[in-house]
Amino acid sequence: MTEKKQIIVSDSKQDIDNEKKSGNIKKEKTEFKEKDVTLRVFRINGQIDSPKYDEYTVSTKRWTTVLDALLDIKNFKDSSIAIRYSCRMASCGSCGMKINGIPRLACYTKISELSGDTITCEPLPNFPYIRDLVTDFTTFFENHKNMLPYVQNPKADIKPEEKISEFVQSPSDLDKFLQFSYCIKCGLCYSACPTVATDTKFPGPQALAQAYRYTADSRDTDMKNRFNIIDDRHGIWRCHFAGSCSSVCPKGVDPALGIQLLRNHLLGFSKHEKTVAKLKEHSD
Ligand code: SF4
Ligand code: FES
């Protein structure tokens, strides 16, 4: 892990030479040459009647990401391109776009890892367009909110007059939902989902995976409300397990698995799997 990080962040030729001497850089890592690539950027403002693409040539290095290249264009060639981004480190989930036909995070996609010298950037499908590469996440966030994405448990309220207490959760209880809590709400799974594309009322893989995340949490005691929301003709049964959501997720979440596990809970097959966390009082 540390070795990989060193390789990526080394900037000067001297750094690279030093790392070569120390054996940290493998031969194939040094083979990417600096090169000029063409970025084809989708440009539209409002309704898509006649979408057009603007092309820009950018000089890139081994570590240049698609977001770096777009910001370079924005800073030095055409400031009018609309892009949404914030953290630049695959944490905030705001720079999702379709890159060479696949939903990806622009800040997490290195140009050296894409094939060809032309890179096409388009807005995420399945979202209403706003402008250029920016889409509207209102419905997506509403769907997430509808799943009651928080622990529901009458004992969870800490009252000042009572002793502070905490729920005891075993490592195996945590494992049941941990990967789903890594979701950064980037919407890539939603944009890759063929069911969302055909049924706009379907909550989508992200929201359903979060419904599973809280249902499987041993601190949560109220599954019923979530089940009432998802057990609907536009709900969980609409998923036909294409699996494209899981293949595009940049955080290693497997929403397709979450949906299947949630179905098991809904059908009662998993009713003995969930234990309810006990409260432990602090003695202070
Ligand atoms: S499940 Fe993955 S792809 Fe979907 S919103 Fe969360 S982080 Fe993004
Ligand atoms: S800028 Fe935050 S995820 Fe890409």
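In the block above lies the structure referred to throughout.
Here's a quick rundown of the structure. Keep in mind that what you see is a predicted model, and the values were worked out from it rather than measured.

Scanning the protein from terminus to terminus reveals 11 helices and nine strands. Counting every position in the protein, which comprises 284 residues, the buried fraction comes to 30%. When contacts within the protein are restricted to residue pairs at least 6 apart in sequence, those whose partners lie at least 24 apart make up 67%.

This part covers the pairing of strand β4 (residues 102–105). Here strand β3 (residues 96–99) pairs with β4 via four bridges, running antiparallel. Each bridged residue has a counterpart across the sheet, and for lysine 98 the counterpart in β4 is proline 103. Between β3 and β4, which pair antiparallel one after the other, the connecting turn spans two residues, and asparagine 100 there sits at a positive phi close to 50 degrees.

Next up on the list: the site of ligand 1. Around ligand 1 sit 13 residues in total, of which Cys183, Cys186, Leu188, Cys189 and Cys249 are the nearest. Elements that contribute at least two residues to the shell around ligand 1 include exactly α6 (188–192) and α8 (205–215). For the shell around ligand 1, a count of residues per class yields nine nonpolar, two polar and two charged.

So, about helix α11 (residues 255–266). In this model α11 runs 16 Å from its N-terminal to its C-terminal C-alpha over 12 residues, within 8% of the 16 Å that 1.5 Å per residue would give. Buried residues of α11: Pro255, Ala256, Gly258, Ile259, Leu261, Leu262 and Leu266, and no others. Residues of α11 that are buried in the fold lie against α6, α8, α9 (224–230) and α10 (244–248). Looking one or two residues beyond α11, the residue adopting positive phi is glycine 268, at roughly 85 degrees.

A few words on the nonpolar core. General note: in soluble globular proteins, nonpolar side chains tend to be found buried as a group. In this structure, Cys121 and Leu208 are the most contacted members of the largest nonpolar core, which totals 52 residues. Contributions of two or more residues to this core are made by β1 (35–43), α3 (66–76), β3, β5 (118–122), α6, α8, α10 and α11. The element that contributes the greatest number of residues to this core is α8, accounting for six residues. Inspection of this core shows a minimum of three residues originating in each of domain 1 (35–135) and domain 2 (140–282).

Moving on: the sheet that holds β3. The five strands lie next to each other as β2-β1-β5-β3-β4, forming an open sheet whose pairing is mixed. The open sheet is flanked by β2 (52–60) and β4, the only strands paired with a single partner. Going across the sheet, the axis of each strand differs from the next one's by a mean of 35 degrees, ignoring polarity. Seen against the sheet, α3 touches β1, β2, β3 and β5 and runs at an angle of roughly 105 degrees to β2.

On to the pairing of β1. Direction of pairing for β1 relative to β2: antiparallel, over a ladder of nine bridges. Residue pairing for β2: threonine 38 is matched across the bridge by threonine 57. Both β1 and β5 contribute to a ladder of four bridges, which runs parallel. When the sheet's bridge partners are listed, threonine 38 is paired in β5 with threonine 118.

Basis of the calculations
- Residues numbered from 1 in each chain as written.
- Chains lettered and ligands numbered in written order.
- Predicted model: local features only at pLDDT ≥ 70, side-chain atom pairs only at ≥ 80, totals over all residues.
- Helix = DSSP H or I, 4+ residues; strand = E, 2+ residues; numbered from the N terminus.
- Buried ≥ 20, exposed ≤ 12 C-beta atoms within 10 Å, placed from the backbone.
- Contact = placed C-beta atoms within 7 Å.
- Pairing = 2+ DSSP bridges.
- Near = placed C-beta within 6 Å.
- Nonpolar A, V, L, I, M, F, W, Y, C, P; charged D, E, K, R; others polar.
- Expected span 1.5 Å × (residues − 1).
- Core = buried A, V, L, I, M, F, W, Y, C linked by C-beta atoms within 7 Å.
- Domains from an automatic or database assignment.
- Axes fitted to C-alpha atoms, helices over the stretch in contact; angles between N-to-C directions.

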